[in-house]
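So you can see what is in the structure, the chains are spelled out below.
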Amino acid sequence: MEKIGVLTSGGDAPGMNASIRAVVRSAVQNGIDVIGIRRGYCGLLERDFQKLNRRSVANIIQRGGTILETARCDEFETTEGREKAYEILKAEGIEGMVAIGGDGTFRGASAISEEHKMKFIGIPATIDNDVYGTDFTIGFDTAINTAMEAIDRIRDTADATERIFFVEVMGRLAGFIAIEVGIAGGAEEIIIPEIETDLEKLCQRIKDSLKRGKRSSIIVVAEGNEIGHTMQIADYVKLRLKVTCRTCILGHLQRGGSPTARDRVLASRMGIAAVDGLLKGKHGHAVGVSKGEIVYIPFRETWEKRKEVDHKFLESSRVLAI
């Protein structure tokens, strides 16, 4: 293999730059040229390429976002779009691809791999941590630390004003961020998409905590909860208990910022493993880490199998919040 490409796709995640850096330097070490593809699959279809070398990825390990930028691409979701992409890659002499992203990124990579035998390997980078087969995804650790710092500040205000704060964190389909942030931030309640929320029981637990002398509460809510907008939950509690409630939506604050040391190390390991995997015929897989060891997960398993949250871990948050 003499030339590979690398792209970032879907939502950005802190640590993507660290993984690009690792891919490039590992490839160069193996005598392989690297082409960076800007704006994900859209850039691929538009031939938005740039050659990458050791120097071009210097001093990016600490940067959030992605130097290659990212975008979503409707055209690539069609068979015609993927055929066009394959012809472009073939004309450019690119023999293998590293796709950095989440579920949608891997679906696209899997489709073009199956239809045209193009050698794709994936690196899971999503703050949601919802990719099956890997214990952690790039960006998750940074996101929960960012959200935790925000909750620490909200806690000060909640205590000073004796209010209940509902803090919405990201997690459209999974509650991994909410659980970790909730426990780390000492939240009284954690609401996630995987578990149906009983608003009456929620109100009763808040009422019980007030009777025990708590002057304020923090309720962490994953954005994908089945009830709807976090404000709807806060309004219900406000009317039911006659208490003052406030809502704070952290939103895209969680996506940005310099990656933590844990995310930089994880991204570096996965970047090296991606190049190694291409050279060893592991295309059609995503890189993962399980119990501290590098693993390779078939693309289809990353979305066909569901990564489960630890329900016992969630239950422990209520014990800790008493």
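Residues numbered from 1 in each chain as written. Predicted model: local features only at pLDDT ≥ 70, side-chain atom pairs only at ≥ 80, totals over all residues. Heavy atoms only, no water.

**Description of the environment of G108**
Here is the rule we go by: Strands are runs of DSSP state E lasting at least 2 residues, helices are runs of H or I lasting at least 4, and numbering of each runs from the N terminus. When a residue's accessible area, from a 1.4 Å probe over protein chains only, is under 20% of the maximum for its type it is buried; when over 50% it is exposed; and in between it is partly exposed.
Structurally, G108 is set in helix α4 (residues 103–116). Judged by relative accessible area, which is 10%, G108 ranks as buried. Considered as a pair, G108 and R82 are 26 residues apart in the sequence and their alpha carbons are 8.4 Å apart.

**A look at the packing of helix α5 (residues 140–161) against helix α6 (residues 176–184)**
For any two helices packed against each other, the geometry comes down to the angle between their axes and how far apart the axes lie. The cut-off we apply is this: To get an axis, fit a line to the C-alpha atoms, keeping to the stretch in contact for a helix; angles then go from 0 to 180 degrees between the N-to-C directions. By the definition adopted for this analysis, an angle is roughly parallel if under 35 degrees, roughly antiparallel if over 145, roughly perpendicular if from 65 to 115, and oblique otherwise. Take the far helix as your reference; a near helix turned counterclockwise from it by less than a right angle gives a left-handed crossing, and one turned clockwise gives a right-handed crossing. Contacts between residues were defined by any pair of non-hydrogen atoms, one from each residue, lying within 4.5 Å.
Running from amino to carboxyl end, α5 crosses α6 at an angle of 45 degrees, the nearest separation of the two axes being 9 Å. Judged on the interaxial angle alone, α6 and α5 are oblique. Both α5 and α6 take part in a crossing whose hand is right-handed. Between α5, through F140, I144, A147, M148 and I151, and α6, the contact on the second element is made entirely by F176, I177, E180, V181 and A184.

**What to know about the sheet that holds strand β10 (residues 285–290)**
To keep things clear, this is the line we draw: Two strands pair under a simple rule: DSSP has to find at least two bridges between them.
The strand order across the open sheet formed by 7 strands is β3-β2-β1-β4-β5-β10-β11, and the pairing between neighbours is mixed. Unpaired on one side and paired on the other, β3 (49–52) and β11 (293–298) mark the two borders of the sheet. Shown here is a sheet whose adjacent strand axes are inclined to one another by a mean of 30 degrees, direction ignored. Alignment of strand β5 (residues 119–124) against β10, held across 2 bridges, turns out to be parallel. Residue G122 lies in a different strand from β10, and its bridge partner there is A286. Where helix α9 (residues 261–279) meets the sheet, its contacts fall on β1 (3–8), β4 (96–101), β5, β10 and β11, and the angle it forms with β5 comes to roughly 165 degrees.

**A short note on α4**
Two residues of an α-helix separated by three or four positions point the same way, owing to the 3.6 residues in each turn. Under the convention used in this document: A helix is expected to span 1.5 Å for every residue after the first.
For α4, spanning 14 residues, the distance from its first C-alpha to its last is 20 Å, which sits close to the expected 20 Å at 1.5 Å a residue. Among all positions in α4, only T105, F106, G108, A109, S110, A111, I112, S113 and H116 are buried. Summarising the contacts, the buried residues of α4 are in contact with α2 (40–45), α3 (79–92), β4, β5, β10 and α10 (299–304). Remark: K117 follows α4 within two positions and exhibits a positive phi of approximately 60 degrees.

**Re the environment of G40**
Positionally, G40 belongs in helix α2. By relative accessible area, which is 0% here, G40 ends up buried. In sequence terms G40 and T8 are 32 residues apart; their C-alpha atoms lie 5.2 Å from each other. If we ignore the near neighbours within four places in the chain, the residues touching G40 are L7, T8, S9, E69, T70 and A71.

**As for the packing of aromatic side chains**
In plain terms, the rule: In this analysis, rings of Phe, Tyr and Trp, with Trp reduced to its six-membered ring, are considered paired at centre separations within 6.5 Å, and the interplanar angle assigns stacked below 30 degrees, edge-to-face beyond 60, and tilted for intermediate values. Throughout this description, the term charge over a ring refers to an Arg CZ or Lys NZ atom that lies within 6 Å of the ring centre and within 35 degrees of the ring normal.
Scanning the entire structure with this criterion turns up 3 aromatic pairs. Taking the centre distance of 3.9 Å and the plane angle of 5 degrees together, the rings of Y41 and F76 count as stacked. Here Y41 is found in helix α2, whereas its partner F76 is found in the loop between β3 and α3, with 35 residues between them in sequence. Y41 gets classed as buried once you look at its relative accessible area, which sits at 4%. Over the ring of F176 we find K307, and its NZ or CZ is 5.3 Å from the ring centre.

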